Amino acid sequence: MSHKRIPKRKAAIAVGGVAALGAAAFLIPMANASQDDASGATTAAPKTLKATGASDLAAQLQELLGQAFAGSYYDSGKQQLVVNVVSGDNNVIVQAQKAGAVVRQVANSSKALETAAQTLKTKATIPGTAWAVDPKTNKVVVTADSTVTGSKWDTLESTVQGLGSDMATLKKTSGSFKTFVSGGDAIFSQVQNGEVRCSLGFNVTASDGSPAFLTAGHCGVAAKDWSDTEGGQPVATVDQAQFPGNGDFSLVKYNDATTQAPSEVNIGNGQTVAINQAEDATVGTTVFRMGSTTGLHDGQVTGLDATVNFQSETDPNGVDTVTGLIQTNVCAEAGDSGGSLFTQDGGAVGLTSGGSGDCTSGGETFFQPVTTALQATGATLGDGGAAGAGDAGASADPSATAADPSASAGDQAGGDQIGGTADPSATAGDQSGTGDVSGTGDETGTGDQTGTGANDQSGANDQSGTAADQSTSGKHHKNR
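How each quantity is defined
Each chain carries its own residue numbering, running from 1 in the direction its sequence is written. A pLDDT threshold of at least 70 governs which residues receive local features in this predicted model, and a stricter bar of 80 or more applies before side-chain atom pairs are shown or counted, although totals over entire chains, interfaces and linings include all residues. Hydrogen atoms and water are omitted, and side-chain values are computed over all heavy atoms in the structure. A helix here means a DSSP run of H or I that spans at least four residues, while a strand means a run of E at least two residues long, and both kinds are numbered starting from the N terminus. Multiplying one less than the number of residues by 1.5 Å gives the expected span of a helix. Exposed residues in this analysis have more than 50% of their type's maximum accessible area, buried residues have under 20%, and partly exposed residues fall in between, with area computed by a 1.4 Å probe over protein chains only. In this description, one arc is meant: the one made by directions from the helix axis to the C-beta atoms. For this analysis, residues touch if any pair of their heavy atoms sits within 4.5 Å. The criterion for an aromatic pair is that two Phe, Tyr or Trp rings (for Trp, the six-membered ring) have centres within 6.5 Å, with stacked assigned to planes under 30 degrees apart, edge-to-face to planes over 60 apart and tilted to the rest. Remark: a charge is flagged as sitting over a ring if the NZ atom of Lys or the CZ atom of Arg is within 6 Å of the ring centre and within 35 degrees of the ring normal. Convention adopted: a line fitted to C-alpha atoms gives each axis, helices being fitted over their contacting stretch, and angles between N-to-C directions are expressed from 0 to 180 degrees. Any angle that is under 35 degrees is reported as roughly parallel, and any over 145 degrees as roughly antiparallel; angles of 65 to 115 degrees are reported as roughly perpendicular and all others as oblique. Here is the rule for handedness: rotate from the far helix to the near one, and if that takes an anticlockwise turn smaller than a right angle the crossing is left-handed, while a clockwise turn gives right-handed. Just so you know the grouping, Ala, Val, Leu, Ile, Met, Phe, Trp, Tyr, Cys and Pro go in nonpolar, Asp, Glu, Lys and Arg go in charged, and all remaining residues, Gly too, go in polar. Two cysteine sulfur atoms form a disulfide, by the criterion used here, when they sit within 2.5 Å.

Peer 1: Quick question: what am I supposed to make of helix α3 (residues 110–123) here?
Peer 2: An α-helix turns once per 3.6 residues; consequently, residues spaced three or four apart project the same way. Here α3 contains 14 residues, and its C-alpha end-to-end distance of 20 Å stays within 8% of the 20 Å for a straight helix at 1.5 Å per residue. What α3 keeps buried is the set Leu113, Ala116 and Leu120. Each buried residue of α3 lies within a common arc of 55 degrees when the element is viewed along its axis, so the set occupies one face. More than 90 degrees from the buried face of α3, the exposed residues found are Lys111 and Thr122. In this structure, the buried residues of α3 make contact with β6 (129–134), β7 (139–144) and α4 (150–163).

Rendered as structure tokens:
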């Protein structure tokens, strides 16, 4: 593509609910520790871990413990990994303790929880429902949105009750589950009924070495050609897309093989977070989501291997089921689909899929795991093309940015944030107004999921004032 500068457009980031981000954690790096008893002998003690370390340890223990492993979660207050075991074998407990985890014996094995989820799939695949394993309660948590009423609610409730109160719980959530088409850097595509708007997730290198990026799968099946400016010429083309089914991800290749695509997330006002690796989500960890509609928000991972049943846009009586997602209490709105979910330490965790609620009243959002998307597409995380010398700036602290909504986002143009980064403690984004977010109203549609794009995209069209300055240069494509 051309490296010609694109004029900047300034808009406001919607800020509803940003005040709730004041609790964003400042994770203090701490060394792994052991404790000495009174005699001076070293005894096994839980390791103090940052989120990335906890994710790595969880993966190691899952392999080490085998069938005795029943999930794990991160205790962010103590900065420790808690691992569930179902075996009373003291050797299993000792192994987990020596590895540095806090061990908790539970009743339900991973296999039993998987069987419960399969029962739900068979008997209660109802639009507006979702379920995920919660290792904190050692149960499957089933969620129903506001559309699940009458006989549908009765069916769901009886199915959950049939699993037993020690195996599954049922709760309701406000709003309705929907994908957030209309987000990171905004990307646009023309379809039959207007323009679709989604978010760039993470820049990657495709298996053939070409520069590319990941975004949501429902965006990739809605449209094939994508631009980095509203109404602009296509700069990238969908190479692979998965939705619905086993995931919600797309690999989109830049049309110009010389495109510089740094591996970082732009969190506003010149702040960038370097993305160093892909990592699996761990329940309890603090994560950050960046989207052009709602800016930077944070929250915690609340469930893994989630199944979400979205109402089909092509069949009023149908359902688009997506499996293998990450469940969180991070908010999102229309326009955030495909956007980046990441950790403070620069771990790429997920791509925004869908959920319920908004960033005023709160909600829950589901994400496609990045590790699964990379494995499926054959892509590797990292710069898609050689980054310019100015790209190697210091990495910002997103928790400081999310915690201070009163500061200014400044210019979030994708190609202009190429120097070192400033102090993130005063950079929430231009949060003074919500802009015109009327495009978030009718977002029950995600684009034609059959790949034609001929669907209800009315919520994606009125995007004035929500893009958070979505101008990007043809030279640098940064993630938000």
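There's plenty left to go through after this.
Peer 1: Explain the environment of Ser337 here, please?
Peer 2: Along the polypeptide, Ser337 turns up in the loop between β22 (319–328) and β23 (340–342). Given a relative accessible area of 0%, Ser337 falls into the buried group.

Peer 1: Even after reading the chapter, I still don't get the packing of aromatic side chains, so can you show me in this structure?
Peer 2: Any two aromatic rings considered together are summarised by their centre-to-centre distance and by the angle between their planes. On inspection of all chains with the given rule, the structure shows four aromatic pairs. Seen from their ring centres, Phe177 and Phe366 are 5.6 Å apart, and the 80 degrees between their planes marks the pair as edge-to-face. Taken individually, Phe177 and Phe366 each receive the classification buried, so the pair is uniform in this respect. Taking NZ or CZ as reference, Lys172 lies 4.9 Å from the ring centre of Trp153, over its face.

Peer 1: Explanation requested: the packing of helix α1 (residues 51–65) against helix α2 (residues 90–99) in the structure shown.
Peer 2: Describing two packed helices takes the angle between their axes plus the distance from one axis to the other. The N-to-C vectors of α1 and α2 enclose an angle of 155 degrees; their axes lie 11 Å apart at closest approach. Of the possible angle classes, the one that applies to α1 and α2 is roughly antiparallel. Seen from above, α1 lies across α2 with right-handed handedness. Here Leu57, Leu61, Leu64 and Leu65 of α1 come into contact with α2, specifically with Val92, Gln95, Ala96 and Ala99. Split into classes, the residues belonging to the contact of α1 with α2 amount to seven nonpolar, one polar and no charged.

Peer 1: What am I meant to see in the state of the cysteines here?
Peer 2: Two cysteines whose sulfur atoms are joined by a covalent bond form what is called a disulfide. Tallying each qualifying case throughout the model produces two disulfides. The partner cysteine of Cys331 in its disulfide is Cys359, sulfur to sulfur 2.0 Å. Judged by the sign of its S-S torsion, about 100 degrees, the bond between Cys331 and Cys359 is right-handed. On the criterion of sequence distance, the pair formed by Cys331 in the loop between β22 and β23 and Cys359 in the loop between β24 (347–358) and β25 (362–369) is long-range, its members being 28 residues apart.

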